[in-house]
Amino acid sequence: MTEREFAINVVKRLQQEGYQARWAGGCVRDELLGLVPKDYDVATDARPEQVRQLFRRTIAVGMSFGVVEVIGPREGDRNLVVQVATFRSDVGYSDGRHPDTVVFSSPKEDALRRDFTINGMFFDPLRDELIDYVGGRDDLRNKILRAIGDPHQRFAEDKLRLLRAVRIATRFELEIEPATAAAIRGMADQIGVVSAERIADELRKLLTDRHRVRGVRLLDEFELIKPLLPELPPLKNFPHQQGLDLWSHTIRTLEHLPADASFPLALAALLHEIGRATLTEAQTLAERKAGALVASIADRLRLSNAETERMVWLIENQHALQNAPKSRPSKLKKLFIHPGITELLALYRAEALADGTDAHDVAFCEQLLQTWTENDINPPPLLRGDDLIALGLKPGPLFKEILDTVRDAQLDCTIRAKAEAIALAKRILSDREWHT
Ligand code: ATP
Ligand code: MG
């Protein structure tokens, strides 16, 4: 069974019991666009307790909001699931983000509480009938994003909608209707009331979308950039080259990312020049500083450790492939072992294309990645800690330095056997003893 078939069954079961039931929101929009919805939501006049009685397996995810999850049969490695929500109105919004309370209400009121017209439609899959109280179908046809009701009031209720507007307009290539756009611009500086996690969720969706450049331009146009990423505005008017500033360079870099770029890659591309805008020292210093700077941004946005590490690594190594043909093999191999190497190559290529410079460093590295075997790039070490302990050394800074030096020599193919490794270790050791 597919998720869609299960979502039809849930509607059927509710209707058999005499309730109203229909699909609602994002899934209706996606189906009209011929896309496969990520998930199906069902709206009904059945109360949460009644929904729970009707289905064998349910999870009460938000009884006070009227939301019950109905669990379906297993498909692959997970169970099918459909969210069933009772028609409701949201009231209050005193924190600018969440309703203070909800009251169960009519289908029409349930449509009117939703954010944008294209997200406010219902569809009855049994009667094959669209129920559209808000003009969502016309707006979808005309590719318009329009707030339901008074845009000012709707954004004042829930400031997350400011970002949802940009993200949804970006994803579906919609023009933002003028009154809706004016309201976003007028309220942009209030985006800070939204939690870091929800902001990051929206940025993640926006930046992984293939239309990410338009998304970033919209953020800029609505002045959402400054409250979200205050590190970016200094790029404007900061000279780069050929009369371009760092901001245009950044936009161009984003334009040249692969369509399916990951979030850490896209965010790294967006942030890759912030070090230069705040610093005039040597490049290596800028890179380390830029790494720390993006780490603090990742922390602020509460990104996962994996996302943070990848992004910081990309920023810190953004120039590491420069002059690759002249680099020592050990340096390249250590980069090539890293799981982020494909993203690093993509970032480096995007920047080269942005500047109209030759991307031959990238081509060279890709060639090497093809030629070198796994064993060339990451051979079993010739020398291990145990070997040094056997030589009478104790773990410590010198211990590590010796291991690193010997490893580099191995990767550079200047040594090829264990005996050579031990000889090199002894040489470093006696060198050190001579000097101290
Ligand atoms: P996605 O494809 O990203 O899931 P979606 O539109 O389905 O997009 P959801 O967050 O799954 O977004 O929300 C489902 C529906 O709930 C929306 O289509 C909309 O009708 C409504 N909705 C979601 N968030 C809000 C909000 N902040 N304010 C008003 N209505 C909302
Ligand atoms: Mg959804």
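Cut-offs and rules
Residues numbered from 1 in each chain as written. Chains lettered and ligands numbered in written order. Predicted model: local features only at pLDDT ≥ 70, side-chain atom pairs only at ≥ 80, totals over all residues. Heavy atoms only, no water. Helix = DSSP H or I, 4+ residues; strand = E, 2+ residues; numbered from the N terminus. Expected span 1.5 Å × (residues − 1). Buried < 20%, exposed > 50% of the residue type's maximum accessible area, 1.4 Å probe, protein only. Contact = heavy atoms within 4.5 Å. Pairing = 2+ DSSP bridges. Axes fitted to C-alpha atoms, helices over the stretch in contact; angles between N-to-C directions. Near = heavy atom within 4 Å. Polar contact = N/O pair within 3.5 Å; in protein donor to acceptor, adjacent residues only side chain to side chain. Areas by Shrake-Rupley, 256 points an atom, 1.4 Å probe, with all protein chains shown as cover. Nonpolar A, V, L, I, M, F, W, Y, C, P; charged D, E, K, R; others polar.

Draft legend 1. Highlighting helix 18 (residues 341-354). The end-to-end C-alpha distance of helix 18 is 20 Å, a good match for the 20 Å that 14 residues give at a rise of 1.5 Å each. Of all 14 residues in helix 18, 11 are buried, a share of seventy percent or more. Within helix 18, burial applies to Ile 341, Glu 343, Leu 344, Leu 345, Ala 346, Leu 347, Tyr 348, Ala 350, Glu 351, Ala 352 and Ala 354. Residues of helix 18 that are buried sit in contact with helix 12 (246-255), helix 13 (263-271), helix 16 (305-316), helix 17 (329-337) and helix 19 (360-371). Just downstream of helix 18, Gly 356 is the residue with a positive phi angle, here 65°.

Draft legend 2. Inspection of the sheet that holds strand 4 (residues 67-75) at higher detail. One open sheet accounts for seven strands, arranged 3-4-5-2-1-8-9; its pairing is mixed. Every other strand in the sheet has two partners, leaving strand 3 (58-62) and strand 9 (129-131) as the edge strands with one partner each. Neighbouring strand axes in the sheet, compared pairwise and without regard to direction, differ in orientation by 35° on average. Two elements, strand 1 (residues 21-24) and strand 2 (residues 41-44), share three bridges in a ladder whose sense is antiparallel. Paired with Arg 22 across the two strands is Ala 43, which belongs to strand 2. Across the face of the sheet, helix 1 (residues 3-16) comes into contact with strand 1, strand 2, strand 4, strand 5 (78-86) and strand 8 (122-124) while running at roughly 40° to strand 5.

Draft legend 3. Quick peek at the site of ligand 1. Around ligand 1 lies a shell of 15 residues, among which Arg 29, Lys 38, Asn 119, Asp 158 and Arg 161 are the nearest. The side chain of Asp 158 places a nitrogen or oxygen atom 2.8 Å from a nitrogen atom of ligand 1. Within the side chain of Arg 167, one N or O atom sits 2.9 Å away from an oxygen atom of ligand 1. With the chains in place, 82% of the 580 Å² that ligand 1 exposes on its own is no longer accessible. For the shell around ligand 1, the secondary-structure elements that each account for two or more residues are helix 2 (26-32) and helix 7 (160-171). Residue contributions to the shell around ligand 1 peak at four residues, all from helix 7. Classifying every residue of the shell around ligand 1 gives no nonpolar, three polar and 12 charged.

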